[in-house]
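Fold and contact review
So the chains spell out like this:
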Amino acid sequence: MSAEHPVVAITGSSGAGTTSVTRTFQHIFRREGLTAAIVEGDSFHRYDREEMKRATAAAAATGNPNFCHFGPEANLLPELAGLFEEYGKTGTGRLRRYLHDDEEAAPFGQDAGTFTPWESIPPGTDLLFYEGLHGAIVTPDADVARHADLRIGVVPIINLEWIQKLHRDRTQRGYSEEAVMDTILRRLPDYVHHICPQFSQTHINFQRVPTVDTSNPFIARTIPTADESFLVIRFADPKGIDFPYLLSMLHDSFMSRPNVIVAPGGKMELAMQLIFTPMILRLMRRRIRV
């Protein structure tokens, strides 16, 4: 792990809710006066949108119907590990942006679904913040997890994750229910082999568990609300965690295991503020000492 230039990585699959977690961290950074170099996992995909369509079709034609963004083949994982390592040592590195839609693409004069040119992280940032699919992945070619100082998993139970993806892709991206279901099925092998193992590499996992019936996620018309959920927070190493303080601050929370807190789902942002603010400040103090 780095010491002088911290790297924080949020890992979760498509539809997991990592974007809302990123907003919470941005609040922490603003409040503490920290400047973060933001890295979106999509920017380290290997192919732009049109190239990915062609690569997926080519893979299917050769007998691989499961090719998707979850797997290493569709991503620049050695480059991502290299960025984490270089930033940890020097506070810089090269990155780019993936332009998801016309609004994002317009300032660059490019089409949606393309990448901006590679550029260097400007000097003077306090830490690197990654949000995407592979912040804690370990493969024979790339040990991304090794170079992240704080690794956080965002892991709704699978039915809730699917409901969130179905709702987002139908309402925001215009996909049909059948198209989203096909994507879920196509990605499932890589989800099992490449996404799930990362949550054993994380320092802390946040898992939202609905308290309403999600038995058939494909007929759900609404996403269970935070108040219709529990939040399960697992600490890989409970040493140094002030559990009595967290339990007192998170009303109606309890411990289900020596390293697990269960809290009402609506307390997720508060829980993250309470847990991660001191962790980020410790990383900053360690950086100053170095």
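Position numbers for residues start from 1 in each chain and track the written sequence from start to end. Per-residue local features of the predicted model are confined to residues with pLDDT of at least 70, and side-chain atom pairs are confined, for both listing and counting, to 80 or more; whole-chain, interface and lining totals are unaffected and use all residues. For the side-chain quantities, the full set of heavy atoms in the structure was used; hydrogens and water were omitted.

**Points about the pairing of strand 2 (residues 36-40)**
The classification of residues rests on relative accessible area computed with a 1.4 Å probe and restricted to protein chains. Under 20% of the type maximum is buried, over 50% is exposed, and intermediate values are partly exposed. By definition, any uninterrupted DSSP run of H or I lasting at least four residues is a helix, any uninterrupted run of E lasting at least two residues is a strand, and each is numbered from the N terminus. Here strand 2 shows a clear split, with Ala37 and Val39 buried on one side and none of Ala36, Ile38 and Glu40 buried on the other. In this sheet, strand 7 (residues 127-132) lies alongside strand 2 in parallel orientation, the contact comprising five bridges. The residue bridging Val39 from the neighbouring strand is Tyr130, located in strand 7. Strands are treated as partners if at least two bridges between them are detected by DSSP.

**Section: the packing of helix 5 (residues 158-171) against helix 6 (residues 177-195)**
To obtain an axis, a line is fitted to C-alpha atoms, over the contacting stretch when the element is a helix, and the angle between two such axes runs from 0 to 180 degrees between their N-to-C directions. It is at 10 Å that the axes of helix 5 and helix 6 come closest, and there the two elements cross at 135°. With respect to each other, helix 5 and helix 6 are oriented oblique. For the crossing formed where helix 5 meets helix 6, the hand is right-handed. Contacts between helix 5 and helix 6 involve Ile158, Glu161, Trp162, Lys165, Leu166, Asp169 and Arg170 on the former and, on the latter, Glu177, Val180, Met181, Thr183, Ile184, Arg187, Leu188 and Tyr191. Should an angle fall under 35 degrees it is taken as roughly parallel, and over 145 as roughly antiparallel, whereas 65 to 115 is taken as roughly perpendicular and any remaining angle as oblique. Helix crossings are classified by the rotation of the near helix relative to the far one: an anticlockwise turn of less than a right angle makes the crossing left-handed, while a clockwise turn makes it right-handed. Note on definitions: a residue-residue contact is assigned when non-hydrogen atoms from the two residues lie within 4.5 Å.

**Things to note about the environment of Phe84**
Its place among the elements puts Phe84 in helix 3 (residues 77-90). According to the relative accessible area criterion, Phe84 is buried, its value standing at 0%. The sequence separation of Phe84 and Leu128 amounts to 44 residues, and the corresponding C-alpha distance is 8.0 Å. Phe84 has contacts with Val7, Ala9, Leu128, Tyr130, Gly135, Val144, His147 and Ala148, leaving out every residue within four places of it along the chain.

**Observations regarding the environment of Arg96**
On the secondary structure map, Arg96 appears in the loop between strand 3 (94-95) and strand 4 (98-99). Judged by relative accessible area, which is 11%, Arg96 ranks as buried. For the pair Arg96 and Thr116, spaced 20 residues apart in the sequence, the C-alpha separation amounts to 5.6 Å. Between N or O atoms, a polar contact is any pair within 3.5 Å; within protein, one atom must be a potential hydrogen donor and the other a potential acceptor, and residues adjacent in sequence are included only when both atoms are from side chains. Reaching out from Arg96, the side chain makes a polar contact with the backbone oxygen of Ser43 at a distance of 2.8 Å. There is a polar contact of 2.8 Å between the side chain of Arg96 and the backbone oxygen of His45.

Keep in mind these values describe shape, not function.
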